Amino acid sequence: MYSVLLPIHIAFVGVWLGCVITEALFERALLGKGREQELSLVALHKRVDLVVEIPAFVVVLITGLMMYPVSSITGLIHAKIAFGLVAIAVNAYCVWLVFKRATAATTDNWDEFTRLDHKQHKYGAIVLIAIIVALCIGIYAYAGGM
Ligand code: HEM
(Lines give C-alpha, C1' and ligand atoms only; values in the text may rest on other atoms or scores of the structure.)
Protein backbone atom coordinates (compact mmCIF):
# COMPACT_ATOMS: atom_id res chain seq x y z
CA MET A 1 0.00 0.00 0.00
CA TYR A 2 2.75 2.45 1.02
CA SER A 3 4.62 1.81 -2.25
CA VAL A 4 1.54 3.03 -4.12
CA LEU A 5 0.65 5.92 -1.80
CA LEU A 6 4.06 7.62 -1.79
CA PRO A 7 4.31 8.17 -5.59
CA ILE A 8 0.68 9.36 -5.65
CA HIS A 9 1.46 11.69 -2.72
CA ILE A 10 4.49 13.23 -4.43
CA ALA A 11 2.82 13.39 -7.87
CA PHE A 12 -0.07 15.43 -6.43
CA VAL A 13 2.35 17.67 -4.55
CA GLY A 14 3.71 18.44 -8.03
CA VAL A 15 0.24 19.08 -9.47
CA TRP A 16 -0.57 21.36 -6.52
CA LEU A 17 2.69 23.33 -6.72
CA GLY A 18 2.33 23.69 -10.50
CA CYS A 19 -1.24 24.91 -10.04
CA VAL A 20 -0.27 27.53 -7.42
CA ILE A 21 2.52 28.89 -9.66
CA THR A 22 0.25 28.98 -12.73
CA GLU A 23 -2.43 30.83 -10.76
CA ALA A 24 0.14 33.40 -9.66
CA LEU A 25 1.10 33.91 -13.31
CA PHE A 26 -2.43 34.43 -14.66
CA GLU A 27 -3.27 36.65 -11.69
CA ARG A 28 -0.36 38.89 -12.65
CA ALA A 29 -1.38 38.81 -16.32
CA LEU A 30 -5.02 39.86 -15.77
CA LEU A 31 -5.12 41.91 -12.55
CA GLY A 32 -5.34 45.67 -13.06
CA LYS A 33 -5.97 45.26 -16.81
CA GLY A 34 -9.60 46.44 -16.61
CA ARG A 35 -12.92 45.15 -15.24
CA GLU A 36 -13.48 42.78 -18.19
CA GLN A 37 -10.16 41.03 -17.56
CA GLU A 38 -10.74 40.97 -13.80
CA LEU A 39 -14.16 39.37 -14.27
CA SER A 40 -12.51 36.70 -16.46
CA LEU A 41 -9.79 36.31 -13.84
CA VAL A 42 -12.14 35.69 -10.92
CA ALA A 43 -14.16 33.13 -12.91
CA LEU A 44 -10.99 31.37 -14.14
CA HIS A 45 -9.41 31.22 -10.66
CA LYS A 46 -12.59 29.74 -9.14
CA ARG A 47 -12.71 27.04 -11.81
CA VAL A 48 -9.02 26.15 -11.45
CA ASP A 49 -9.44 25.92 -7.67
CA LEU A 50 -12.43 23.58 -8.03
CA VAL A 51 -11.00 21.35 -10.76
CA VAL A 52 -7.27 21.23 -9.92
CA GLU A 53 -6.14 22.90 -6.68
CA ILE A 54 -8.67 21.53 -4.17
CA PRO A 55 -8.49 17.92 -5.50
CA ALA A 56 -4.66 18.13 -5.49
CA PHE A 57 -4.23 19.21 -1.88
CA VAL A 58 -6.99 16.85 -0.72
CA VAL A 59 -5.15 13.90 -2.33
CA VAL A 60 -1.87 15.06 -0.70
CA LEU A 61 -3.64 15.18 2.67
CA ILE A 62 -5.42 11.82 2.32
CA THR A 63 -2.34 9.95 1.04
CA GLY A 64 -0.27 11.56 3.80
CA LEU A 65 -2.74 10.50 6.48
CA MET A 66 -2.91 6.97 5.04
CA MET A 67 0.90 6.64 5.02
CA TYR A 68 1.35 8.06 8.52
CA PRO A 69 0.46 4.91 10.51
CA VAL A 70 2.72 2.71 8.33
CA SER A 71 5.71 5.07 8.17
CA SER A 72 8.71 5.42 10.45
CA ILE A 73 8.09 9.07 11.28
CA THR A 74 11.20 11.08 12.14
CA GLY A 75 11.35 14.61 13.51
CA LEU A 76 12.17 15.79 9.99
CA ILE A 77 9.04 14.18 8.53
CA HIS A 78 6.99 15.69 11.36
CA ALA A 79 8.39 19.12 10.42
CA LYS A 80 7.47 18.41 6.78
CA ILE A 81 3.96 17.37 7.75
CA ALA A 82 3.59 20.56 9.84
CA PHE A 83 4.51 22.79 6.88
CA GLY A 84 2.27 20.63 4.67
CA LEU A 85 -0.71 21.07 7.00
CA VAL A 86 -0.10 24.85 7.17
CA ALA A 87 -0.03 24.97 3.35
CA ILE A 88 -3.30 23.00 3.13
CA ALA A 89 -5.09 25.07 5.80
CA VAL A 90 -4.00 28.43 4.37
CA ASN A 91 -4.84 27.25 0.83
CA ALA A 92 -8.36 26.33 1.99
CA TYR A 93 -8.71 29.88 3.35
CA CYS A 94 -7.40 31.27 0.03
CA VAL A 95 -10.06 29.30 -1.86
CA TRP A 96 -12.69 30.91 0.36
CA LEU A 97 -11.18 34.35 -0.42
CA VAL A 98 -11.18 33.54 -4.17
CA PHE A 99 -14.92 32.79 -4.05
CA LYS A 100 -15.66 35.89 -1.94
CA ARG A 101 -13.60 38.01 -4.35
CA ALA A 102 -15.55 36.64 -7.32
CA THR A 103 -18.84 37.55 -5.62
CA ALA A 104 -17.54 41.09 -4.98
CA ALA A 105 -16.51 41.47 -8.65
CA THR A 106 -19.71 40.07 -10.14
CA THR A 107 -21.80 42.36 -7.87
CA ASP A 108 -19.75 45.43 -8.85
CA ASN A 109 -18.36 45.80 -5.33
CA TRP A 110 -14.85 46.72 -6.48
CA ASP A 111 -13.65 48.17 -3.14
CA GLU A 112 -14.42 44.82 -1.51
CA PHE A 113 -12.78 43.11 -4.49
CA THR A 114 -9.56 45.07 -3.93
CA ARG A 115 -9.57 44.35 -0.17
CA LEU A 116 -10.06 40.62 -0.69
CA ASP A 117 -7.57 40.56 -3.54
CA HIS A 118 -4.78 41.93 -1.35
CA LYS A 119 -5.56 39.39 1.37
CA GLN A 120 -5.68 36.54 -1.14
CA HIS A 121 -2.25 37.39 -2.54
CA LYS A 122 -0.73 37.74 0.93
CA TYR A 123 -1.97 34.31 2.01
CA GLY A 124 -1.23 32.84 -1.41
CA ALA A 125 2.45 33.67 -0.85
CA ILE A 126 2.34 31.77 2.46
CA VAL A 127 0.91 28.71 0.66
CA LEU A 128 3.68 28.78 -1.96
CA ILE A 129 6.46 29.15 0.64
CA ALA A 130 5.02 26.39 2.88
CA ILE A 131 4.74 23.94 -0.05
CA ILE A 132 8.32 24.65 -1.14
CA VAL A 133 9.69 24.27 2.42
CA ALA A 134 7.75 20.99 2.90
CA LEU A 135 9.00 19.71 -0.45
CA CYS A 136 12.63 20.58 0.36
CA ILE A 137 12.36 18.83 3.74
CA GLY A 138 10.64 15.84 2.11
CA ILE A 139 13.29 15.51 -0.61
CA TYR A 140 16.06 15.90 1.97
CA ALA A 141 14.45 13.20 4.13
CA TYR A 142 14.02 10.93 1.11
CA ALA A 143 17.56 11.53 -0.18
CA GLY A 144 19.12 11.37 3.28
CA GLY A 145 17.19 8.22 4.12
CA MET A 146 16.25 9.76 7.47
C1 HEM B 1 3.06 20.60 0.88
C2 HEM B 1 2.73 19.45 1.37
C3 HEM B 1 3.59 18.21 1.32
C4 HEM B 1 4.73 17.94 0.63
C5 HEM B 1 5.50 18.83 -0.32
C6 HEM B 1 5.10 16.56 0.96
C7 HEM B 1 6.22 15.90 0.42
C8 HEM B 1 6.60 14.62 0.78
C9 HEM B 1 7.79 13.95 0.29
C10 HEM B 1 8.79 14.53 -0.70
C11 HEM B 1 7.82 12.71 0.86
C12 HEM B 1 8.89 11.61 0.67
C13 HEM B 1 9.82 11.70 1.87
C14 HEM B 1 10.27 10.33 2.36
O15 HEM B 1 9.82 9.35 1.84
O16 HEM B 1 11.09 10.31 3.30
C17 HEM B 1 6.66 12.61 1.72
C18 HEM B 1 6.40 11.50 2.49
C19 HEM B 1 5.38 11.49 3.41
N20 HEM B 1 4.46 12.46 3.66
FE21 HEM B 1 4.28 14.23 2.72
N22 HEM B 1 4.20 16.04 1.85
C23 HEM B 1 3.25 17.02 2.11
C24 HEM B 1 2.19 16.95 2.95
C25 HEM B 1 1.96 15.90 3.80
C26 HEM B 1 0.89 15.86 4.78
C27 HEM B 1 -0.12 16.97 5.01
C28 HEM B 1 1.01 14.66 5.45
C29 HEM B 1 0.19 14.09 6.57
C30 HEM B 1 -0.96 14.45 6.92
C31 HEM B 1 2.16 13.97 4.87
C32 HEM B 1 2.61 12.70 5.28
C33 HEM B 1 3.66 12.05 4.70
C34 HEM B 1 4.10 10.70 5.15
C35 HEM B 1 3.49 9.88 6.27
C36 HEM B 1 5.18 10.37 4.32
C37 HEM B 1 6.02 9.07 4.37
C38 HEM B 1 7.26 9.36 5.23
C39 HEM B 1 8.23 8.22 5.24
O40 HEM B 1 7.84 7.11 5.00
O41 HEM B 1 9.40 8.47 5.51
N42 HEM B 1 2.71 14.74 3.88
N43 HEM B 1 5.93 13.77 1.63
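Residues numbered from 1 in each chain as written. Predicted model: local features only at pLDDT ≥ 70, side-chain atom pairs only at ≥ 80, totals over all residues. Heavy atoms only, no water.

Side note on helix 4 (residues 110–144)
Two residues of an α-helix separated by three or four positions point the same way, owing to the 3.6 residues in each turn. Spanning 35 residues, helix 4 covers 50 Å between terminal C-alpha atoms, matching the ideal 51 Å at 1.5 Å per step. Within the sequence span of helix 4, burial applies to Trp-110, Phe-113, Leu-116, Asp-117, Gln-120, Val-127, Ala-130, Ile-131, Ala-134, Ile-137, Gly-138 and Ala-141. Elements that come into contact with the buried residues of helix 4 comprise helix 1 (2–30), helix 2 (35–67) and helix 3 (75–106). (Helix = DSSP H or I, 4+ residues; strand = E, 2+ residues; numbered from the N terminus. Expected span 1.5 Å × (residues − 1). Buried < 20%, exposed > 50% of the residue type's maximum accessible area, 1.4 Å probe, protein only. Contact = heavy atoms within 4.5 Å.)

A short note on the site of the ligand
Taken together, 26 residues are adjacent to the ligand, and Tyr-2, His-9, Lys-80, Gly-138 and Tyr-142 come closest. In this structure, an oxygen atom belonging to the ligand sits 3.4 Å away from a side-chain N or O atom of Ser-71. Lys-80 places a side-chain nitrogen or oxygen 2.5 Å from a nitrogen atom of the ligand. With respect to the detected pockets, the ligand is housed in the largest pocket. For the shell around the ligand, the elements supplying multiple residues, two or more each, are helix 1, helix 2, helix 3 and helix 4. Element by element, the count of residues in the shell around the ligand is highest for helix 4, at seven residues. Considering only residue class, the shell around the ligand consists of 20 nonpolar, five polar and one charged. (Near = heavy atom within 4 Å. Polar contact = N/O pair within 3.5 Å; in protein donor to acceptor, adjacent residues only side chain to side chain. 1 Å grid on protein atoms, 1.4 Å probe; cavity = no way out; pocket = protein on both sides within 12 Å on 5 of 7 lines; lining within 4 Å. Sits in = over half its atoms within 2 Å of the grid points. Nonpolar A, V, L, I, M, F, W, Y, C, P; charged D, E, K, R; others polar.)

Re the layout of surface pockets
There is about 810 Å³ of room inside the largest pocket. If you go around the largest pocket, you meet 31 residues; those closest to its centre are Leu-6, His-9, Met-67, Ile-77 and Lys-80. Those elements that provide at least two residues to the lining of the largest pocket are helix 1, helix 2, helix 3 and helix 4. Ranked by residue count, the leading element in the lining of the largest pocket is helix 4, at eight residues. Here the residues of the lining of the largest pocket sort into 23 nonpolar, seven polar and one charged. Counted as a void, the second largest pocket has a volume near 400 Å³. (Points joined across faces, edges and corners; volume = space filled by probe spheres on them.)

Some points on the nonpolar core
Proteins that are soluble and globular tend to have nonpolar side chains buried together. Trp-16, Val-20, Phe-57, Ala-87, Val-127 and Ile-131 are the most contacted members of the largest nonpolar core, which totals 15 residues. Secondary-structure elements contributing two or more residues to this core are helix 1, helix 2, helix 3 and helix 4. Take this core: its biggest share by element is five residues, from helix 3. Setting aside anything within four residues of it in sequence, one finds Phe-57 in contact with Trp-16, Ile-88, Asn-91, Ala-92 and Val-95. Membership of the second largest hydrophobic core comes to eight residues, among which are Ala-105, Trp-110, Phe-113 and Leu-116. (Core = buried A, V, L, I, M, F, W, Y, C linked by side-chain atoms within 4.5 Å.)

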